[in-house]
Structures are given as C-alpha cells and as structure tokens.
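Summary of structural features
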Amino acid sequence: MKINNYIFVKDISLKKNSLKNNRNFIAGSIIVVFMMIFMLVGMIASPYDPTAIDSSAKFQGMSLAHWFGCDNFGRDILSRVMEGTYATFKVAFGTVIIGTLFGIIVGALTGYYGGLIDEILMRINDSIFAFPSILLALLFISLLGAGTYQVTLALGIAFIPSFARIVRAEFLKAKNMDYVKVAKLMGASDFRIIFIHILPNTYTVLLSSIMIGFNNAVLAEASMSFLGIGVQPPDPSLGRMLSEAQIYLAKAPNYALFPGVAIILLILGFSLMADGIGRD
Amino acid sequence: MEDKKLILKVTDLNIEFHDHLIPETVVFDFDLDLYEGEIVGLVGESGSGKSMSAMAIAGLLDRKHMNKRGSIDYDGIDLLNCKRDKLRTIQGNDIGIIFQEPLTSLNPVYRIYDQVEEPLRIHTSLTKEERYEKVLKALKDVELDDPELVMKQYPHELSGGMRQRVMIATAMIMEPKILIADEPTTALDVTIQAQIVKVLKKLNKEHGTAIIFISHDLSLVEKLCERVLVMKSGYIVESGLTKDIFNNPKEEYTKKLISAIPRIDFD
C-alpha cells in the first residue's frame, strides 16, 4: 500500500513540472546555452581577429596561444569557429523567423477560412514543397546572388511550406472546437479568433517544429556555405571552413574537427530541446 | 403569454447541406416565436435538427456548403441573411450560447477570468476595475463557491460542473436577451444537472433572459420549460405548452419520448 502511494505521488510531481524533469530538455538547453555563451564571447572578446592572416602560424597545431590551432592562412581557428557559429546562427535564426512568420500567416488563413483561398495558397505551397529545400534555395540564390542575407531569404522562403502545413493542420483541428464558436458568438473578429484564440493553442506543435526547423536551417546554411554560395570569404562560416578543411584533412585534422563539432552541438542542443517540448 | 413582447420570430427555416453529392435537408419549415423571459424546450432524438436550428439562430452556421431559407427576425433584423458585421454586434450582446461539452467550450490556454471578461473587452469600454466587478458578479451569480480562486484557474483545473457554470457566466455577462442552451446538462451527472438547471432558472427570473433549452432529457424539460417543441428528423412534430404536451401528447412519437423518461424528482 505504501509503495503504491509513493508511486502515485511521484507520478503527480512528474506531471506537474514535466519540462523541469525532462532530461532531454535540460540537456538540450545546457548545450544551447553553452553555444550561446561561446558565440557571445566570440562577438565581445574574440581572441584574435578571425580574418587576420599570419603566415608564420600556418597549420600550427593546438597550443596555448591558439587553442584550436591555425588554418592554411595562419588564421586562429577558435576565433573563426566563434565567428562562424554566429554567422550560422544568424542565418538559421533569420530563416526560422521568415519561415514561421509567413508559415503562420499562410497556415492560419488556409486552415481557418478554407475554400478558394485554401486551394490557391496550398497548391502554391505544394509546388514549393515538391522541391528539396536546398535545391529551391539554390534557385533563389541564382536569382538573388550569393551572400548572407540572400541565403537567409532563400532558405526562409524554402521553409515556409512546411510551417504552413503544420499550422494549417492545427487550425483545421481547432476551428471546429466549441471555444472558437463561443468566441465567434461573443462577436470576436476573425483576426482576434485566429491570433488570440487559436494560435496560442498550437504552441506545443509550433515550438517543437520551430526547433526542428532551426536545425534544418543550420544544416542547410552549412551545406550552402560548403558549396560556396553562402557566407562569402573572408568572413568565416562553419560550412565554408569544413569545405576548406577537407583538402587538409590529413595534415590538419583539427581544422575540420572544430567547425564540425560546433555544428553538431548546435543541432544536438536544439534537437534535444525540441524532443523535450514535443514529449511534454 | 399575449402580454409579453415577441423578441424572436423564426419562420419557415430550412437548412440544407451541400457538402455531399446529394443535398441533404436537416431542418424543414422550422417555426418559433420566442417571447421575452420565457423558457422554451426543444426536444427530440439525436439528429433531429435541434442543434442545427439553434446554431442558425445564433448565426453560427457555416456560410459555405449550405443552403438556408426562411427568416430569423430579431428586432427587425434578419439574422439569417444580414451582413456579418451587423450579426457580430448582436452576437454576444444579445444572444448567448452554452454548449454540451464544457471541456471543449473553454479555451485551454487562458485563465477563467480572461475568458469570462472577453465579451466585455470586445463590446464595452468599461475600465479594468469595472470589468473585474462584473466578472466577479457573473461568477457569483452562477453560484460558484470561490469565484476569486476560480478566476485565476485554468479550465483543466475545474470539474465539469464548474466549467459549465463558467460557460453560463460567460454567456450571461452581457445580459443577453436570448440564451441558447445546447444540451447543457448532457455531459454532467444527475446532481450537477439539477444544479445547473436551477442556475438557469434563477438567471431567467432575475435577468428576464429568454432561454431556448435544447435537450433530449424530457424530465428536465418538463421541470424547466413553459413551452416545448418536439422535433423529429428535421420536422417540428408537436408544439405547445409543456403541461398540455406531457399530459396529453397527440403524436405517437411524443408519447414514445415521454414513456422513455426515467422518473426522478430533484426539487
């Protein structure tokens, strides 16, 4: 009897603050916070200028002066990884903001109103969705030109359809709920119903898909920079560093290792957080 | 009844669905005269068109895939065919609604206070303090035990009966002329049903709100309503004063419905 009671109490406490007790979420947030601090240190007090070339330090290994070593131009890898993480984060963040914002608008309109507007917007959505997002981003890059802002915009547009679909599904579910009818009967405007009554109810799904979207954006940015159409040299970017490092993989493995680890940590952190929220 | 004012007149309401290949009519020639301060019961089995008629009166029917004929005259305005913004000023202000399932009729992400306050925020320009007073009074009116505590809670923290009371408070806060109660007691157990019905009756007396009480529970209808409309597969098969219908049912269907009542007394 006592054992039963104990289990019961434990269950309740787990339910009450599930996020606080969620190991995935905690681990994820620790990694994310660590990466944020890493990035901020790079912005405020970068040990070296990430673009400064020092020919005497070419391919220098890991040392106290250069913790992560130096690259083929003698640039400090630690500073470059810091700066590159920031660049990647910036692009991923912008991508997610564009994708979520327009995704929510498109998803809310199509899901809530249905009918003709739904048909038109969702068919456009489908046609965008049919292309792989990287391919689509490549297409936009070829139209807009390469560079940080172009990549952000291109990826952002490529990410709209997936967000729109998720939001649309949630709105389809919610719009027939009684509380929406009640709100309608209260005389609430469509705008108020969409953004104040329904949207907050989609937060669990939306939040985890934002996290997953962020991961995809990090990967996509890294791939674009790897292909040389993302952040332009000499500005550092994780993907670009990886692509440069592969030539010197045998000579300077640390050159490829650290940008790679930075990408892994960024993605791992947000994935774990998304998992934690989704399981909540 | 003649001395009372007619507030709602529904004539020849037909509702037809067009979302399948063959159009399907769910309500035929629905007529209803609602007088100020009376309680009208709308009874019938599931699928008989009770809720559809009520939704039409509340103006909550979809505008697509549907054909509606007839008129719903409220204060000289045809609710069935009027402009959407005109409808909006009447909705909430003059017509309130309570649904069957109190679990889904409250928004899970907001506190009770915000939800009860919502109509005031939309329709009035009262100050924060005045709104608070009104919400508190509305929650007291529906006989919630600790309104100050309930205000700060979320819907999932309340029991079914409490949620339904909150719904009634929300519907009644603008002191509407008409309250549509769409099977408000179906999801509740018998003792709570009796309490909810008592609250409805009290509000009807105090505020003079006319109530359209939809139910398939005839014992409740018999206690609560002055007049009854009996519906079957879209038609009104019988209507009249409650005592006449219950003592002397004319239609075979009404007789069957009445004989199906399990007798309980709650006053």
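For the structure, check the block above.
First, a word on scope: everything that follows refers to the structure included in this document.

What counts and how
Residues numbered from 1 in each chain as written. Chains lettered and ligands numbered in written order. Predicted model: local features only at pLDDT ≥ 70, side-chain atom pairs only at ≥ 80, totals over all residues. Buried ≥ 20, exposed ≤ 12 C-beta atoms within 10 Å, placed from the backbone. Helix = DSSP H or I, 4+ residues; strand = E, 2+ residues; numbered from the N terminus. Contact = placed C-beta atoms within 7 Å. Pairing = 2+ DSSP bridges. Axes fitted to C-alpha atoms, helices over the stretch in contact; angles between N-to-C directions. Core = buried A, V, L, I, M, F, W, Y, C linked by C-beta atoms within 7 Å. Nonpolar A, V, L, I, M, F, W, Y, C, P; charged D, E, K, R; others polar.

Glancing now at helix 7 (residues 178–185) of chain A. Of all eight residues that make up helix 7 of chain A, eight are buried, and the element is covered over most of its length. Within helix 7 of chain A the residues assigned to the buried category are A:Asp178, A:Tyr179, A:Val180, A:Lys181, A:Val182, A:Ala183, A:Lys184 and A:Leu185. Those residues of helix 7 of chain A hidden inside the fold are in contact with helix 6 (148–174) and helix 8 (190–198) of chain A together with helix 1 (50–58), strand 6 (95–98) and helix 6 (160–172) of chain B. After helix 7 of chain A finishes, the residue A:Gly187 shows a positive phi value of roughly 90°.

Take the environment of A:Leu185 next. Secondary-structure assignment places A:Leu185 in helix 7. With 25 C-beta atoms packed within 10 Å, A:Leu185 lands in the buried category. Ignoring anything within four residues of it in the chain, the contact list for A:Leu185 reads B:Ala58, B:Leu60, B:Gln91, B:Gly92, B:Ile95 and B:Ile97.

All names here are of chain B. Reading across from one edge, 2-1-4-5 is the order of the four strands in this open sheet, with antiparallel pairing throughout. Two strands in the sheet have a free side with no partner beyond their single neighbour: strand 2 (24–35) and strand 5 (77–78). Bridging between strand 4 (residues 66–74) and strand 5 involves two bridges; their strand directions are antiparallel. Across the sheet, the residue bridging to aspartate 73 is aspartate 78, located in strand 5. Sitting on the sheet, helix 1 touches strand 1 (6–17), strand 2 and strand 4, and the angle it makes with strand 1 is about 120°.

Judged by nonpolar contacts, the single largest core of 144 residues is most densely connected at B:Ile180, B:Ile212 and B:Phe213. Aside from chain neighbours lying at most four places away, what touches B:Phe213 is B:Ile39, B:Val40, B:Gly41, B:Leu42, B:Ala181, B:Val221, B:Leu224 and B:Cys225.

Between chain B and chain A, the contact holds 23 residues from the first and 14 residues from the second. Those elements that place two or more of their residues in the side of chain B that touches chain A are helix 2 (84–90), strand 6 and helix 3 (112–123) of chain B. By residue number, the principal contributor to the side of chain B that touches chain A is helix 3 of chain B, which donates four residues. Here the side of chain B that touches chain A is built from residues that sort into ten nonpolar, nine polar and four charged.

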